[in-house]
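In case you want the letters, here they are:
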Amino acid sequence: MSYGVRSHVGYCRDRHRTLQSPYEWPMVFSMLPEPRMLPPFYVMELMRAADEAEQRGRDVLHMEVGEPAWPPPTVVRESLADAVRSGPWGYTSALGDRELRAAIAEQYPGATDAQVLVSTGTSPVLLLALACVVRAGDEVIVFDPGYPCVPNFVRLLGAQPRVVTLRPEDGFRPSLDAVRAARSARTRALVVGSPANPTGVTLTSEELAALAETMPCLIVDEIYRGIEYADAPVASAWALDAGNVIVVDGFSKKYAMTGFRLGYGVFPPALIRAAENIHQSMVISASPFVQKAGLTALTHPDIPSIRRDWMSQLAEARGVLLDGLAQAGIPVPSPPEGAFYALADVGAFTNDSLAFALELLDATGVAATPGVDFGPSGSRYLRFSFARGADVAREATARIADWLSAR
Ligand SMILES: Cc1ncc(COP(=O)(O)O)c(C=O)c1O
């Protein structure tokens, strides 16, 4: 069965081109500059193709999705339902519900609830953190491969991303020399995820401290912290006590609460007022009942054992995926230390990760994220999410091995 791969590749490319084309700009807007056009997420195109394939009856294995397979804990859902029934229903303070902020602050040594800002996901907090420290014309150091929202947000603020390429031979760990070489008089911040999406690299406290020392401000996205495969828990960058660190985190991945839209930032005292004012204008506040559910996720005694169970499922799925990809002849240059992704090198087969991802979907029903979504170096990679569990990883890698051996 064919799923029109070629036309899909063409569709994605044409759509990107069309959206950027000046010829589309109608006369009626001739007084306006063209709208700011950020690059699209190609994974969305892939998900569309996967949905269409499913509607035609294809058994699609979803390894492109960055969200856990399981529902949020029952106690969290119950607490949300209770709060919807009995309130609160109105705005909270722009910083967020005080009880929730206090529970969050407790996790960060030396932080107080007055330094915590709660928002509608980690994503707006990333934008907010950048907006606090960046002006138009400034530069922000970002990594390739890395989470694509970050350079997009930098551009949205009129600043420039300075891209430092992470090399597979370094296990995708940032080199301090490369970061120093990218620094200029206009550099305001460096943004890093740890554990990182898409590489799973988890930085040590020493590596984070060196980055914080090198930068005016270090913004650390810790949305995958707590999803790690080594025995020792990873300390937050906040524990460095560096004074110039902003930590952003959220409930989406750790508590399987992607749809709740709940995240937060922990800011140095000198920045929290700026963050609060921007948040008042941008979001006002996160939903009060969602914040109550977040408080339950942080404080309910059932949660730690639920999360331990999830972690053992993820660890098993990680092992199955890595073994299966190795058997299929697809190397993973740096096995993930955290998060739930493996960045697999398909450079032996293609230098066009989007076309390859669509071909893979067409031939096997396996959906994976094209590496090009994570930066220019990603064209030789596919990102496989193992958040859907070991059985999906086993079946997917078996299908891939069969396909590649016959290709
Ligand atoms: C590194 C990273 N940061 C932030 C987010 C967005 O998280 P949220 O759902 O909290 O907005 C994601 C989602 O995939 C992510 O991978």
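Residues numbered from 1 in each chain as written. Predicted model: local features only at pLDDT ≥ 70, side-chain atom pairs only at ≥ 80, totals over all residues. Heavy atoms only, no water.

**Q** Residues and numbers for the overall build of the protein, please.
**A** Summing up its helical and strand segments, the protein has 13 helices and 12 strands in all. Against the 2.2 N^0.38 benchmark of 22 Å for 407 residues, the protein shows a C-alpha radius of gyration of 21 Å, consistent with a compact globule. Referenced to the eigenvectors of the C-alpha coordinate spread, the extents of the protein come out at roughly 60 × 55 × 45 Å. Expressed as a percentage of the 407 residues in the protein, the buried residues total 55%. Summed over its atoms, the accessible surface of the protein is roughly 17500 Å², and 54% of this surface lies on carbon and sulfur atoms. Charge centroids of the protein, computed over 36 positive and 45 negative side chains, lie 4 Å from each other. (Helix = DSSP H or I, 4+ residues; strand = E, 2+ residues; numbered from the N terminus. Rg over C-alpha atoms; globule rule 2.2 N^0.38 Å. Buried < 20%, exposed > 50% of the residue type's maximum accessible area, 1.4 Å probe, protein only. Areas by Shrake-Rupley, 256 points an atom, 1.4 Å probe, with all protein chains shown as cover. Lys, Arg positive; Asp, Glu negative; His and termini not counted. Charge placed at Lys NZ, Arg CZ, Asp CG, Glu CD.)

**Q** Quick rundown of unusual backbone geometry? Include the residues and the values.
**A** The omega torsion across G87 and P88 is 10°, close enough to zero to call that bond cis. For P88, the position within the fold is in the loop between α3 (74-86) and α4 (98-105). Of note, the bond from N197 into P198 is cis; its omega dihedral lies within 30 degrees of zero at 15°. Assignment of secondary structure puts P198 in the loop between β5 (187-193) and α8 (205-214). If you check the backbone angles, A256 has positive phi at about 55° while not being a glycine. Tracing the backbone through its elements, the reader meets A256 in the loop between β7 (245-250) and β8 (263-266). Classification of A256 by relative accessible area gives buried; the value is 6%.

**Q** Which residues make up the site of the ligand, and what values do they have?
**A** For the ligand, the full set of nearby residues is G121, T122, S123, Y147, N197, D221, I223, Y224, S252, K253 and R261. The separation between an oxygen atom of the ligand and a polar side-chain atom of S252 is 2.7 Å. Contact with the protein chains removes 91% of the 400 Å² of surface that the ligand exposes when unbound. Looking at the shell around the ligand residue by residue, the class counts come to three nonpolar, five polar and three charged. (Near = heavy atom within 4 Å. Polar contact = N/O pair within 3.5 Å; in protein donor to acceptor, adjacent residues only side chain to side chain. Nonpolar A, V, L, I, M, F, W, Y, C, P; charged D, E, K, R; others polar.)

**Q** Run through the sheet that holds strand β9 (residues 341-345), naming residues and quoting values.
**A** Spatially, β9-β12-β11 is the arrangement adopted by the three strands of the open sheet, whose pairing is antiparallel. Because the sheet does not close on itself, it has two edges, and the strands there are β9 and β11 (369-370). Sheet topology places β11 next to strand β12 (residues 381-385); two bridges connect them, and they run antiparallel. Bridge pairing in β12 links P370 to L382. (Pairing = 2+ DSSP bridges.)

**Q** Which residues make up the pattern of salt bridges, and what values do they have?
**A** For the structure on display, the rule yields 22 salt bridges. The partner of R98 in a salt bridge is D113, with the nearest N and O atoms 2.8 Å apart. Of this pair, R98 sits in helix α4 while D113 sits in the loop between α4 and β2 (116-119), placing them 15 residues apart in sequence. Two residues, D113 and R101, come together in a salt bridge whose shortest N-O distance is 3.9 Å. In this pair, D113 sits in the loop between α4 and β2 while R101 sits in helix α4, placing the two residues 12 residues apart along the sequence. The same class applies to D113 and to R101, which are both buried. Residues joined by salt bridges that share partners form a network here, namely D59, E395 and R399. (Salt bridge = Lys/Arg side-chain N within 4 Å of Asp/Glu carboxyl O.)

**Q** How would you sum up the domain arrangement of the protein? Please name residues and give values.
**A** The assigned domain composition of the protein is domain 1 (5-70 + 305-406) and domain 2 (88-299). The straight-line distance from the C-alpha centre of domain 1 to that of domain 2 is 24 Å. Across the boundary between the two partners, domain 1 contributes 32 residues, which contact 34 residues of domain 2. For the pair domain 1 and domain 2, the summed buried surface comes to about 2800 Å²; carbon and sulfur atoms form 60% of the total. On the domain 1 side of the contact with domain 2, R307, E337 and F374 bury the most area, a combined 22% of that side's loss. Linking domain 1 with domain 2 are one salt bridge, by the criterion used here. Between domain 1 and domain 2 we count 16 residue pairs in polar contact (both at pLDDT 80 or more) in total. (Domains from an automatic or database assignment. Contact = heavy atoms within 4.5 Å. Buried area = accessible area lost by both parts, 1.4 Å probe.)

**Q** If you had to explain the sheet that holds β2 to someone new, which residues and values would you point to?
**A** Strand order in the open sheet formed by seven strands is β2-β8-β7-β6-β5-β3-β4, and the pairing between neighbours is mixed. The open sheet has two free edges, formed respectively by β2 and β4 (160-165), since each of these has just one partner strand. The mean inter-strand angle of the sheet, taken between neighbouring strand axes irrespective of direction, is 20°. Note that β7 and β8 share four bridges and pair antiparallel. Residue V247 lies in a different strand from β8, and its bridge partner there is V266. (Axes fitted to C-alpha atoms, helices over the stretch in contact; angles between N-to-C directions.)

**Q** Outline the environment of A230, supporting the account with residue identities and numerical values.
**A** In this fold, A230 is placed in the loop between β6 (218-221) and β7. When the C-alpha positions of A230 and L190 are compared, they lie 26 Å apart, and in sequence the two are 40 residues distant.

**Q** Explain the environment of R98 to me, using residue names and the numbers behind them.
**A** Accessibility expressed as a relative area gives 57% for R98, which makes it exposed. Polar side-chain contacts of R98 include one of 2.8 Å to the side chain of D113.

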